[in-house]
Amino acid sequence: MNPFLDVALRSLAVYLFMFAAIRIFGKNQLSQLNAGDIVLLLLISNAVQNAMVGSNVSLEGGLVAALVLFIANFVVKKIIFKNAKIKSLVESDPEILIKDGIVDNVKMKEQEVSFDELEEAVREHGVEKIEDVKLAVLEVDGNISVISMDKESGSTKFSRRRRKFPRKSHKY
């Protein structure tokens, strides 16, 4: 077999495995990385390097592996964008955590968002009390969006905040 084709196929296999593993283990959208996440990513990249390039440690082999990863990522993003069924399989849906000042404790538990973290997000958006929140949504990218009622004007105010930890993608 052509050594570059071997590298390309190995790289594609590792990409697909990592894509599935991240989805299964709940890191499908990395909003912000904590120290443990960074260590994990570094160790994973080191662990799969040899699986991708095998015995071909040449510059060309590394470039082929990188090119295949870029192409695979580009194709997956295009497929997700064009196909709603695949998108729903790959990405989780946004989850409403607060509606009209009422916290959905079931969704909070499912998404592993602590009450302290939710309160922090609300405060960061300049809202004093959860009761003043019209809507708080855990977005697919791990951000928490907050829509509050502006008591002075009666209009709605919207803001987003990044979570400290990536959201879990699996359902309980």
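Within an unreviewed UniProt entry, the label attached to the protein chain reads DUF421 domain-containing protein, and the organism entered is Kaistella flava. As stated in UniProt under Sequence similarities (unreviewed entry), the record for the protein chain gives "Belongs to the UPF0702 family." If you open the UniProt record of the protein chain and go to Subcellular location (unreviewed entry), you find "Cell membrane".

Peer 1: Now, about the packing of helix α1 (residues 3-24) against helix α2 (residues 35-53): what can you tell me, with residues and values included?
Peer 2: Direction vectors running N to C along α1 and α2 enclose 145°, while the axes themselves pass 7 Å from each other. Along the contact surface, α1 presents Val 7, Arg 10, Ser 11, Val 14 and Met 18, while α2 presents Ile 44, Val 48, Asn 50, Ala 51, Met 52 and Val 53. For the contact of α1 with α2, a count of residues per class yields 8 nonpolar, 2 polar and 1 charged.

Peer 1: Account for the nonpolar core, with residues named and values stated.
Peer 2: The biggest cluster of nonpolar side chains holds 15 residues, and the ones touching the most others in it are Ile 98, Leu 118 and Val 133. Broken down by secondary-structure element, the contributors of at least two residues to this core are β1 (95-99), α6 (115-124), β3 (133-138) and β4 (144-149). Filtering out sequence-adjacent residues up to four positions away, Ile 98 remains in contact with Val 103, Leu 118, Val 122, Ile 130, Val 133, Lys 134, Leu 135 and Ala 136. Tyr 15, Ala 72, Ile 80 and Val 90 belong to the second-largest nonpolar core, a separate cluster that totals 5 residues.

The rules we used
Residues numbered from 1 in each chain as written. Predicted model: local features only at pLDDT ≥ 70, side-chain atom pairs only at ≥ 80, totals over all residues. Heavy atoms only, no water. UniProt positions renumbered as here; feature names shortened; annotations may be inferred. Axes fitted to C-alpha atoms, helices over the stretch in contact; angles between N-to-C directions. Helix = DSSP H or I, 4+ residues; strand = E, 2+ residues; numbered from the N terminus. Contact = heavy atoms within 4.5 Å. Nonpolar A, V, L, I, M, F, W, Y, C, P; charged D, E, K, R; others polar. Core = buried A, V, L, I, M, F, W, Y, C linked by side-chain atoms within 4.5 Å. Buried < 20%, exposed > 50% of the residue type's maximum accessible area, 1.4 Å probe, protein only.

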